[in-house]
Structure formats: structure tokens, C-alpha cells
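Chain residues, written in single-letter form:
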Amino acid sequence: MNVIGPGGRTGSDVAAAGEAAIVLRADPYHRAVTAYGRDVAVSLAAKMMASVRDQLKPTEFTMRSAFECFLTLTWNGSRSELDDLLRRMPAAQLVDLDGRPEVIGATMGVAVRRDLPIAEPGDGLMAYADAALCTALRRRYKVAYADSSMLDTIRAEMDMVRRLRVSGDDSFFVVYQPLVELGDLQVRGFESLLRWRTPDGVVSPDAFISVAESSSLIVPIGWHSIRQTIATLATDITPRFGSQTCVTVNLSGQQLLDTQIANYIGGLIEEYRVDPAQVWVEIRENQVISLDSSAAHAVEQLHDIGCRICIDDLGSGFSALSYVRDLPVDVLKVDRSLISNLVNDGYDRAVVEAICEMAKAMGIVTVAEGIESPEILAKVTALGFDIGQGYLFGRPDVPLVAFGGVA
Ligand code: C2E
Ligand code: CA
Ligand code: CA
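As a convention, each chain's residues are numbered from 1 in the sequence order in which they are written. The lettering of chains begins at A and the numbering of ligands begins at 1, in the order of writing. Totals for whole chains, interfaces and linings use every residue, but because this is a predicted model, local features are given only for residues with pLDDT of at least 70 and side-chain atom pairs only at 80 or more, for both listing and counting. Side-chain measures were taken over the full set of non-hydrogen atoms in the model, leaving aside hydrogen atoms and water.

1. Here we look at the pairing of strand β11 (residues 246-251)
Working step 1: Here's how the labels work: a residue is buried when its accessible area is under 20% of the maximum for its type, exposed when over 50%, partly exposed in between, all with a 1.4 Å probe on protein chains only. Going along the chain from the N terminus, every DSSP run of H or I of four or more residues is numbered as a helix, and every run of E of two or more is numbered as a strand. In terms of residue burial, β11 counts as a mostly covered element, since five of its six residues are buried.
Working step 2: By definition, two strands form a pair when at least two bridges between them are found by DSSP. Here strand β9 (residues 187-198) runs beside β11; their pairing, made up of four bridges, is parallel. Across the sheet, residue Phe 190 finds its bridge partner in β11, namely Val 247.
Working step 3: One ladder, built from five bridges, connects β11 with strand β12 (residues 279-284); its direction is parallel.

2. Some details on helix α2 (residues 38-56)
Working step 1: To estimate how far a helix should extend, the number of its residues minus one is multiplied by 1.5 Å. In this model α2 runs 27 Å from its N-terminal to its C-terminal C-alpha over 19 residues, within 8% of the 27 Å that 1.5 Å per residue would give.
Working step 2: Every buried residue of α2 is listed here: Ala 41, Leu 44, Ala 45, Met 48, Met 49, Ser 51, Val 52 and Leu 56. All buried residues of α2 lie within an arc of 160° about the axis, which places them on one face of the element.
Working step 3: Directly beyond the C-terminal end of α2, a positive phi value near 50° is found at Lys 57. Within this analysis, the arc is defined by the directions that extend from the helix axis to the C-beta atoms.

3. Focus: the coordination of the calcium ion (ligand 3)
Working step 1: Any N, O or S atom lying within 2.8 Å of the metal counts as a donor, with the limit raised to 3.2 Å for Na, K and Ca; because water is left out of the atom set, some sites can appear incomplete. Around the calcium ion (ligand 3), the protein contributes the donor atoms Asp 312 (OD), Asp 313 (OD), Glu 369 (OE) and Glu 369 (OE), which lie 2.0 to 2.7 Å from the metal centre.
Working step 2: The sequence pattern formed by the donor residues of the calcium ion (ligand 3) is D-D-x55-E.
Working step 3: Separating the calcium ion (ligand 3) from the calcium ion (ligand 2) is a gap of 3.9 Å, which Asp 312 spans by donating to each of them. Of this pair, Asp 313 sits in strand β13 (residues 308-314) while Glu 369 sits in the loop between β15 (365-368) and α14 (374-382), and the two are 56 residues apart along the sequence.
Working step 4: The exposure class assigned to Asp 313 is buried, which follows from its relative accessible area of 18%.

4. Some remarks on the coordination of the calcium ion (ligand 2)
Working step 1: Here the calcium ion (ligand 2) is held by Glu 191 (OE), Asn 250 (OD1), Glu 282 (OE) and Asp 312 (OD), and the distances to it run 2.1 to 2.3 Å.
Working step 2: For the calcium ion (ligand 2), the donor residues sit on a single chain with the sequence spacing E-x58-N-x31-E-x29-D.

5. Concerning the pattern of salt bridges
Working step 1: Definition used for salt bridges: Asp or Glu carboxyl oxygen within 4 Å of a side-chain nitrogen of Lys or Arg. Using the criterion set out here, one finds 15 salt bridges in the structure.
Working step 2: With a shortest N-O distance of 2.7 Å, Arg 113 and Glu 19 are connected by a salt bridge. Here Arg 113 is found in the loop between β6 (100-112) and α4 (123-139), whereas its partner Glu 19 is found in strand β2 (residues 16-26), with 94 residues between them in sequence.
Working step 3: Overlapping salt bridges, with partners in common, bring together Glu 191, Glu 282, Lys 333 and Glu 369 in one network.

Limitation: the analysis is restricted to geometry and does not speak to function.
So this is what it looks like as C-alpha cells:
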């Protein structure tokens, strides 16, 4: 059973643990509904919760709904005893259904009073247990422990979802960072990077993109920013820098699951009369795309339209080899973390060399991200990268006109 949070990891388990609250949910409940029908699933969930109650012997036990319950317990043992108790509880609980053994899963959020800033007994502990359950469900752990920041984090995320949702289209805009041909140091294109204008100032995507992705709000925000980007390609970039110049748009996994995404981009390409080869689509390496998914289908559709497919952040943690084998990849963008280490890390250099060699053999264009110094520029040029990007050439908040062109 997977366990996350302070439980079992703090080394503080010699002290008596005291009081804990647990929110327990039958999970995946709707799989049981699908397999057995709603009435049977409800009774399976109730039996599972009763079985957990019998194992934990709580001081208080409340059924919240057909598939969720809340319990508090006190115990005089150490934290590791509570951990053991929960760990021993199988993820899939065996329950009796008319004499037949059936299984149903349980996911738990656990709040231990001693770990948390709670002065008085009452609802406080329960709120933390709910926050821990959110975390367990999101990360697909069977048990998650609350820590002192979890409640604030989840509340702040909810607030951000609300603010993103009520922000008008004109709150979102894109800025452009140049991509430079390493052979002659001429501008080859621009990466379009999203910004959010709020009453407190302009916010960069690192602060909101994961919340926009987890709430699917990235889909409508993306429609707007992709339109802006292709419009700017037609009205500003092509006239100034020529019809060989590209723009790259970042697409999240959520956006690729939108079945209309390829039609949408194809429609904009027609509407603004740009060459589809000028539109490069960046997909992060860590976005899981299985070949039979509609996301992979969207990538193929975009490639068929004539857009270039780029794998972004290559080397940031996952292996992109399956993408290169299974998807129509045109461009590999090697992550800043690898590029900035080229000067002093032999291991990273070996990885980057291998990527460049593979790309060359397959006719794939390579882009080095995060070039900040002439030393790094010299390294990536010597390694044979085709294109470079980074603060050395220009920051994304600089107007297009600063990068030259003919207009
Ligand atoms: P990314 O696609 O890897 O974009 C490059 C990020 O690195 C940008 O951050 C850029 O400002 C920054 N950067 C570029 N050169 C340098 C450098 O030399 N040094 C350093 N330290 N940083 C450099 P930004 O604009 O904050 O974007 C962060 C991430 O948000 C992007 O990473 C991308 O994954 C995501 N993102 C941005 N715009 C969009 C969008 O329109 N849609 C989606 N789905 N994601 C976006
Ligand atoms: Ca990118
Ligand atoms: Ca990147």
C-alpha cells in the first residue's frame, strides 16, 4: 500500500500519537457501480466501511454518504503503530456479497492532530483529513497524511480555479521568445508563451498552468492564445521575418484530448492563410500519451495538416523514446536543465550527445533551450544543435520589433 505524507517519515514516531481523523472513500466506486449495479455497489461500499471500522475500532464513526465515511480514533501507541495499522489494511477490501467474496477498494485521508496547527477538537481535524483524501485521490495513493500546508494549498487552488474561470479572454495574452538558427544566428521563429493579467500584476504560467490543467480550464484559455498566436504570425511575424519563420504553441495533454483541437488549429491556419509548416506544436515529454488515445490521434491529425510536432523539455525526467518511435515527431527541444549543465557535467553531456546523434540519424530538428551564456552557445553549436533559444538571444517579454526583421 502506498503511503505519503509525514506518516512514517519524520522520525518522530517515538512520541505517543494521540488523535487522528480518517476520511475513507470507496474507490473506484463507479467501477463497482458499473460492474454490479448501483444498489449492489452501495451495499458493497457499506460493508467495506463497516469492515474498516471493525479493524480500526474508532471512537467515532459517521457515514457521510453511500460511498464515504468519516472516523476518528485515539490510540496510545506510536505513530509507526498507526502506520502499521493502516498499511496492514489491504487496498482491496474483501467483503461478502450473498455468500460470494467480492472486493472493493478504499482510499484514505488521514489527519493526525499532533502534526497539525489545530488548537481545539472539532471540525478542524476533519477538514485536514478531507484535504489528505483529495491528495490521495489525485496522486492515486491508497493513504495520504495531511501536513500543515495541505489545507491552505487546496483552498488556494480552488480560489485560483475560480479566478481563472471568471477572468475574461482579454486577461490572457501571449509573449514571444525568439528561436535562433545556430548556423547564422538569424531568427528562425518564436515560441508563444502564455501570460495572465490579474489585478496584482502579470502572472507567468508556472504559477497557474498546473491548476488550469487540472481544472481543464487550459482548454478554453488555449483556444484564445492559439488564435492570438496564429493571428500574430499572419499580421506581424511573416511580413517582418519571412514565410519560413515559425511560431511554436505549447499544448497540454488536456488540450490534446479535446477532439476538436486539430480542426480548430487547421481552421485558424486557413482563416489567417499561413503555411501549416509555420505552426509548430510543442508537447511536453512528461505528458503521457498512449498511442491508442485520442491525444495521439490529435497529434497525427496535426501532423497530417502539415504542422510540425515538437517534443518539449526532453530529458527533464521521462523518456521520450516511445514518442520518437510511435509519433510523427519533427523536432526535439532539449530541456534547459540538461543544457545548462553541459559545461560541467559529463553525464549530461553524454545524454545530450546521444540525443543529437539519434535526432540526426532520424532527420529530426534539434533545439537547445535555456542558452544563457556564450559558453553554452559554443557547446550546443559544437554538438550540432540546429536551433537555440534562451535569454542570451532574447527574453519573452521583449516586443517582436526588437528582434529585427524587414518591416
Ligand atoms: P516551456 O515551454 O519550456 O517554455 C520555456 C520557459 O523557459 C518559459 O517560461 C521561458 O520564459 C523560460 N526561458 C526561456 N529561456 C530561458 C533561459 O535562458 N533561462 C531561463 N531561466 N528560463 C528561460 P514561461 O514563459 O514561464 O513558461 C513556463 C511553461 O509554461 C512553459 O515552459 C510551458 O510548459 C508552459 N506554457 C507557456 N505557455 C503556454 C501555453 O500557451 N499553453 C500551455 N499549455 N502551456 C504553456
Ligand atoms: Ca515549450
Ligand atoms: Ca521547454
